[in-house]
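Inside the fold
If you want the building blocks of each chain, they are given just below.
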Amino acid sequence: MPVHRPGNTRSRRLTLAGALLAVLSPLLATPSSAAEVPPRGSAHMGMGVIPHDGQGGTPVGRAAQTEGVDVSSHQGNVAWPTLWSSGVKWAYVKATEGTYYRNPYFGQQYNGSYDVGMIRGAYHFATPDTAGGAAQANYFVDHGGGWSRDGRTLPGALDVEWNPYGAACYGKSASAMVTWIRDFLNQYRARTGRDAVIYTATSWWKQCTGNYAGFGAANPLWIARYATAVGELPAGWAYQTMWQYTSTGPTVGDHNRFNGALDRVQALALG
C-alpha cells in the first residue's frame, strides 16, 4: 500500500502556485510607461518629435529665412536680450493647454520678447480628449491667445501633435480629429478675425487625421522636423510657413526658421 506523504502534496501546491504567479505577474505589474506619463500642463511643442520621428542634422544656410524660438514653462524666465542679440527675431509662447492650464511664465515670456523688439505670438497645446475644439479656442483667446493689428503680434498657433498623456490620437478617429481641429479653427477665427497657424508633424498628421488636405488654403503650416531638410509636408500644403528644426538650439532649445525674410514675418503679423 502506498504511504501518504503530506509534504509531497504541499510541494506540488507550491509548484503550481509559483507557475500561476509567473503567468500572472506580467499582467498584474504596473506598466513602466505609467510612471513616464508627465503631469497635465507640462506638454510643449515638439516633445514627441524625437521619440516618433528621430532627429538628424540641422539645416545649413539662412537664405531668405528668419530665426525664431518657441518657449513654454520649461524655459522659465527667458533671456530675451541674449536671444535678440543672437539674431532671433520672432517667438511663440505657450499660453494654454486644454481648458485647465495656463503657463505661469506667460507674462515674462510674451511681454519680454515684445520688449526687446521681437514679433511674437501665443500657442495652445491641444488636448482633444478633454474638451471640444471650440471650447479650447475660447479658453486660449481668453487667456493670452488673442490677436491685435499692431504689426508685432502673430496669429495664434494650434499645437496639435502626439498625446503625451495617452494614446497618440487622443482616442479619436481621423474624421473625429479633423472635426475637432475644424471646430477650434472656426471658433478662433470667429473670435479674432484671423486664421490660426497649425503646428504639427507630418507623421502625426498622416496617422491621426488620415492626411486630411482641407486646411492648407487658409491656415499657415508650422512643421516640426529635426533634420537637415523639411521633408514631406502634410497634404494640402505646398510649403511651410515656419519650420521647427531643432530642440537643442542655443539659449532656448526649440529653434525655428520662418520661410521668408523679416518683412514676411511682419506681413503675417499684420494679416
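For the structure, check the block above.
In short, a report on the structure. Nothing here was measured: the structure is a model prediction, and the numbers come from that model.

Focus on helix α5 (residues 133–142)
Among all positions in α5, only Gly133, Gln136, Ala137, Tyr139, Phe140 and Val141 are buried. Where α5 is buried, its residues touch β2 (90–97), β3 (101–102), β4 (119–125), β5 (157–159) and α6 (174–192). Following α5 by one or two positions, glycine 144 has its phi on the positive side, about 110 degrees.

Here's the deal with the packing of α5 against α6
Two numbers describe how α5 lies on α6: the axes approach to 7 Å, and their chain directions differ by 40 degrees. Relative to α6, the element α5 lies oblique. In terms of crossing hand, the pair formed by α5 and α6 is right-handed. Contacts between α5 and α6 involve Gly133, Ala134, Gln136, Ala137, Asn138, Phe140, Val141 and Asp142 from the first element and Trp180, Asp183, Phe184, Gln187, Tyr188, Arg191 and Thr192 from the second. Residues belonging to the contact of α5 with α6 are distributed by class as follows: 7 nonpolar, 5 polar and 3 charged.

What to know about the nonpolar core
In this structure, Trp90, Tyr92, Ile181 and Trp222 are the most contacted members of the largest nonpolar core, which totals 64 residues. The biggest single contributor to this core is α6, with 7 residues. Apart from residues lying up to four places away in sequence, isoleucine 181 is in contact with Leu158, Val160, Trp205, Thr209 and Phe215.

A closer look at the state of the cysteines
Simply put, the disulfide is a covalent bond whose two ends are the sulfur atoms of two cysteines. Counted under the stated rule, the structure contains 1 disulfide. In this model, cysteine 169 is linked to cysteine 208 through a disulfide, with the two sulfur atoms separated by 1.9 Å. Where cysteine 169 bonds to cysteine 208 through sulfur, the torsion about that S-S bond is close to -75 degrees, and the disulfide is left-handed. On the criterion of sequence distance, the pair formed by cysteine 169 in the loop between β5 and α6 and cysteine 208 in helix α7 (residues 202–209) is long-range, its members being 39 residues apart. For cysteine 169, a relative accessible area of 13% translates into the label buried.

Overview of the environment of glycine 132
Following the sequence through the fold, glycine 132 ends up in the loop between β4 and α5. Sequence separation between glycine 132 and threonine 99 is 33 residues; the distance between their C-alpha atoms is 9.3 Å.

Description of the environment of serine 73
Looking at the secondary structure, you find serine 73 in the loop between β1 (66–71) and α3 (80–85). Serine 73 gets classed as partly exposed once you look at its relative accessible area, which sits at 21%. Distance in space between the C-alpha atoms of serine 73 and asparagine 103 is 5.8 Å, their sequence separation being 30 residues. Non-local contacts of serine 73, meaning those with residues more than four positions away in its chain, are made with Tyr101, Asn103, Pro104, Tyr105 and Gln109. Looking at serine 73, its side chain comes within polar contact range of the side chain of tyrosine 101, at 3.2 Å.

Notes on unusual backbone geometry
The phi dihedral of asparagine 211 falls on the positive side, at around 60 degrees, and the residue is not glycine. Tracing the backbone through its elements, the reader meets asparagine 211 in the loop between α7 and β7 (221–224). With a relative accessible area of 24%, asparagine 211 lands in the partly exposed category. Even without a glycine there, the phi angle at threonine 251 is positive, about 65 degrees. One can find threonine 251 in the loop between β8 (242–246) and β9 (255–258).

Digging into the layout of surface pockets
The calculated volume of the largest pocket comes to roughly 370 Å³. Surrounding the largest pocket, 19 residues form its lining, Ala218, Pro220, Tyr239, Thr241 and Leu268 being those nearest its centre. Sorting elements by how many residues they give to the lining of the largest pocket places helix α8 (residues 262–270) first, with 3 residues. Broken down by class, the residue content of the lining of the largest pocket amounts to 10 nonpolar, 6 polar and 3 charged.

Conventions adopted
- Residues numbered from 1 in each chain as written.
- Predicted model: local features only at pLDDT ≥ 70, side-chain atom pairs only at ≥ 80, totals over all residues.
- Heavy atoms only, no water.
- Buried < 20%, exposed > 50% of the residue type's maximum accessible area, 1.4 Å probe, protein only.
- Helix = DSSP H or I, 4+ residues; strand = E, 2+ residues; numbered from the N terminus.
- Contact = heavy atoms within 4.5 Å.
- Axes fitted to C-alpha atoms, helices over the stretch in contact; angles between N-to-C directions.
- Parallel < 35°, antiparallel > 145°, perpendicular 65-115°, else oblique.
- Left-handed = near helix turned anticlockwise from the far one by under 90°.
- Nonpolar A, V, L, I, M, F, W, Y, C, P; charged D, E, K, R; others polar.
- Core = buried A, V, L, I, M, F, W, Y, C linked by side-chain atoms within 4.5 Å.
- Disulfide = S-S within 2.5 Å.
- Polar contact = N/O pair within 3.5 Å; in protein donor to acceptor, adjacent residues only side chain to side chain.
- 1 Å grid on protein atoms, 1.4 Å probe; cavity = no way out; pocket = protein on both sides within 12 Å on 5 of 7 lines; lining within 4 Å.
- Points joined across faces, edges and corners; volume = space filled by probe spheres on them.

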